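Residue strings, one per chain:
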Amino acid sequence: MKSSIRRSRRAATAVALGSALALTVTACGDDGSGAGGDKGAEGSGKGEIVFWDNNGGVRTDIWKQIIADFEKANPSIKVDYVGISATEYQSKVDTAIQGGGLPDVGGVGAAMAAGFAAQNALDPLDGRLGESPLKGKLNEGMVESLKSAGGGDALYSVPTSANNGTLYYRTDLFQKAGLDAPTTWENFYEAAEKLTNAKKNEFGYTIRGGAGSIAQALDAMYGQSGITSFWDASGKKTTVNDPKNAEALEKYAGLYKKYTPAADLNNDFTKMVAQWDSGTIGMLNHNLGSYQDHVKALGTDKFRGIPQPTGPGGKRVQVSNPVDGLGLFKSSKNKEAAWKFIEFAASHESNSKWNESAGAIPSNTDAAKDAWISKAEPTKLAAEALNDGSTTIVQLPYYLPDWNTISKAENEPNLQKVLLGDMSAKEFLDKMADQLNEAQAEWDQQKG
């Protein structure tokens, strides 16, 4: 395990160096302001700034609306929009960090913050936010998620949205079976059993066994165990393999093939969502991003999307879900104008407009109260759960350089073994814990 993680590091380094060399040869990337480590300048607060959208194509139209609004309110500033697909964004930024061509502002979500910050590419934003009209207007949980993702010492991205984990369930099937809504884990397991009739190809739940399965499994584990921190009190050992988590995962994995389709073993989110939309499966765990797909397939009267079930003592615990945001690249030669754009994008009106388009939870707490949210019940309930103090978030260690390797390539195949009964939940979690503890020790050593 350890050697494969180290190999992945060397491969990543080679790719970054190769990208930098290619950039030098082809003279690409001159549409931005510099490379990582360049200190940049505050500038005049006027002129042109470059903005890289980390979900180009999907969110291009709404960003262009917001940019038009910004330029109308700030006629001395022009924003050059560059839309980059989500699958290519991180590699493009990494290449520009090495060889030049970084923008002034760009999308910086939780999964990217540590990597960019570690390369000295981002400006810390705590001071700017402290003197901004945005102070006290941003969801504290989202701010904390991004700060933690960046390593915990500084805020490198202003949150714009959260794509919260959601439990979708078929209200028509629940009503027919006389079942209560799956608002607790007890109700969830009862429904999974009662809604299953394998001979008729009817199942109570669809479980994610393919790509992206680890985060969903962690959500189910911590939600049931009620453990509220990813690390113990020392900060050196993970709670992943706590006996309560192992027991929770064993129970959750036991759903596979008994109360779920056998195809779930290899299903990523796209296959899982399509299967739920077209079949007679009682429940699905995904996020707010698939809400419109369900509406198109089922209408609005056959399903609901609610926050994750509550666990011990009526508490809701969930792992940190994707939080997106905007970062200010350190190499910007016009940071004053770039910060004005970030402030504008995260302000009440703009943040509301963007999140209504995306179906996500606004980071701006005033935007989270706007009327459109009440029309999209899953978004409304998720926003309330994050804002009313009823939900405890377990922050995942996005800041660890090895996190993506550990949570994907190293352990997704092992989780499939747990589902098949070829590995115990305890053995699986103990192996994962060893990798995490080693990665945390290396992180602490590098910081120290």
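Residues numbered from 1 in each chain as written. Predicted model: local features only at pLDDT ≥ 70, side-chain atom pairs only at ≥ 80, totals over all residues. Heavy atoms only, no water.

Colleague: Before we go on, may I ask you to explain the domain arrangement of the chain in this structure?
Modeller: Accessible area lost during the coming together of the parts is what is often quoted as the interface size. Per the domain assignment, the segments of the chain are domain 1 (47–162 + 322–387) and domain 2 (165–321 + 395–447). Put simply, the middle of domain 1 and the middle of domain 2, counted by C-alpha atoms, are 28 Å apart. If you look at the interface, domain 1 gives 25 residues, while domain 2 gives 16 residues. Linking domain 1 with domain 2 are one salt bridge. (Domains from an automatic or database assignment. Contact = heavy atoms within 4.5 Å. Salt bridge = Lys/Arg side-chain N within 4 Å of Asp/Glu carboxyl O.)

Colleague: It is not clear to me how helix α16 (residues 377–387) should be interpreted in this structure. Could you clarify?
Modeller: Since there are 3.6 residues in each turn of an α-helix, residues three or four apart along the chain are aligned in direction. Among the residues of α16, Pro-378, Thr-379, Leu-381, Ala-382, Ala-383 and Ala-385 are the ones counted as buried. Downstream of α16 by one or two residues, Gly-389 has phi in the positive range, about 85 degrees. (Buried < 20%, exposed > 50% of the residue type's maximum accessible area, 1.4 Å probe, protein only. Helix = DSSP H or I, 4+ residues; strand = E, 2+ residues; numbered from the N terminus.)

Colleague: Is there a simple way to think about the sheet that holds strand β11 (residues 361–362) in this case?
Modeller: Hydrogen bonds along the backbone pair up the strands of a sheet, which may run parallel or antiparallel. On the basis of which strands lie adjacent, the open sheet formed by six strands has the order β2-β1-β3-β10-β4-β11 and mixed pairing. Every interior strand has two partners, whereas the edge strands, β2 (77–83) and β11, have only one. Inspection of the sheet shows strand β4 (residues 158–162) paired to β11 by two bridges, in the antiparallel sense. Residue pairing for β11: Ala-162 is matched across the bridge by Ile-361. Against the sheet, helix α6 (residues 140–149) engages β4, β10 (323–328) and β11, with an angle of about 115 degrees to β4. (Pairing = 2+ DSSP bridges. Axes fitted to C-alpha atoms, helices over the stretch in contact; angles between N-to-C directions.)

Colleague: Which parts of the structure should I look at to understand unusual backbone geometry?
Modeller: Trans peptide bonds make up most of the peptide bonds, and negative phi angles are found at most residues other than glycine. The phi dihedral of Asn-120 is positive, around 60 degrees, even though this residue is not glycine. By secondary structure assignment, the location of Asn-120 is in the loop between α4 (110–118) and α5 (126–130). Despite not being glycine, Lys-257 has its phi angle at roughly 70 degrees, a positive value.

Colleague: Just to check I follow, could you spell out the environment of Asp-324 for this structure?
Modeller: As for its placement among the helices and strands, Asp-324 is situated in strand β10. Once the C-alpha coordinates of Asp-324 and Ala-162 are considered, the two residues, 162 residues apart in sequence, prove to be 6.3 Å apart. Apart from residues no more than four positions distant in its own chain, Asp-324 is found in contact with Asn-54, Val-108, Gly-109, Leu-146, Val-158, Pro-159, Thr-160 and Ser-161.

Colleague: Would you mind going over the sheet that holds strand β5 (residues 165–170) with me for this structure?
Modeller: If you trace the four strands from one edge of the open sheet to the other, you get β6-β7-β5-β8, paired in mixed fashion. A strand with exactly one partner marks an edge of an open sheet, and here the two such strands are β6 (203–206) and β8 (303–306). Each neighbouring strand pair of the sheet contributes to a mean axis angle of 20 degrees, computed without reference to strand direction. Pairing analysis gives three bridges linking β6 to strand β7 (residues 281–287), with the strands arranged parallel.

Colleague: What should I look at first to understand the pattern of salt bridges in this one?
Modeller: Between side chains of opposite charge, a pair can form when the charged atoms approach closely. Scanning all chains against the criterion turns up 13 salt bridges. Its salt-bridge partner being Lys-147, residue Asp-126 comes within 3.5 Å of it at the nearest N-O pair. Here Asp-126 is found in helix α5, whereas its partner Lys-147 is found in helix α6, with 21 residues between them in sequence. When its relative accessible area of 30% is taken as the criterion, Asp-126 is described as partly exposed. Lys-194 is the salt-bridge partner of Glu-190, the closest N and O atoms lying 3.3 Å from each other. Separated by four residues within a single helix, Glu-190 and Lys-194 lie in helix α8 (residues 185–194), roughly one turn from each other. Classification of Glu-190 by relative accessible area gives partly exposed; the value is 34%.

Colleague: Got a minute to help me understand the pairing of strand β1 (residues 47–53) in this structure?
Modeller: Each regular strand shows side chains that alternate between the opposite faces of the sheet. Burial of β1 is extensive: five of the seven residues sit out of reach of the surface. As defined by bridge partners, β1 adjoins β2 across seven bridges and the pair is classed as parallel. In the strand pairing of β2, Gly-47 is matched with Ile-77. You can see the chain leave β1, run along helix α2 (residues 60–73) and come back into β2, and the turn it takes is right-handed. Pairing geometry for β1 and strand β3 (residues 105–107), over two bridges, is parallel. Residue pairing in the sheet places Trp-52 in a bridge with Gly-106 of β3. (Right-handed = clockwise from strand over helix to strand, strands pointing away.)

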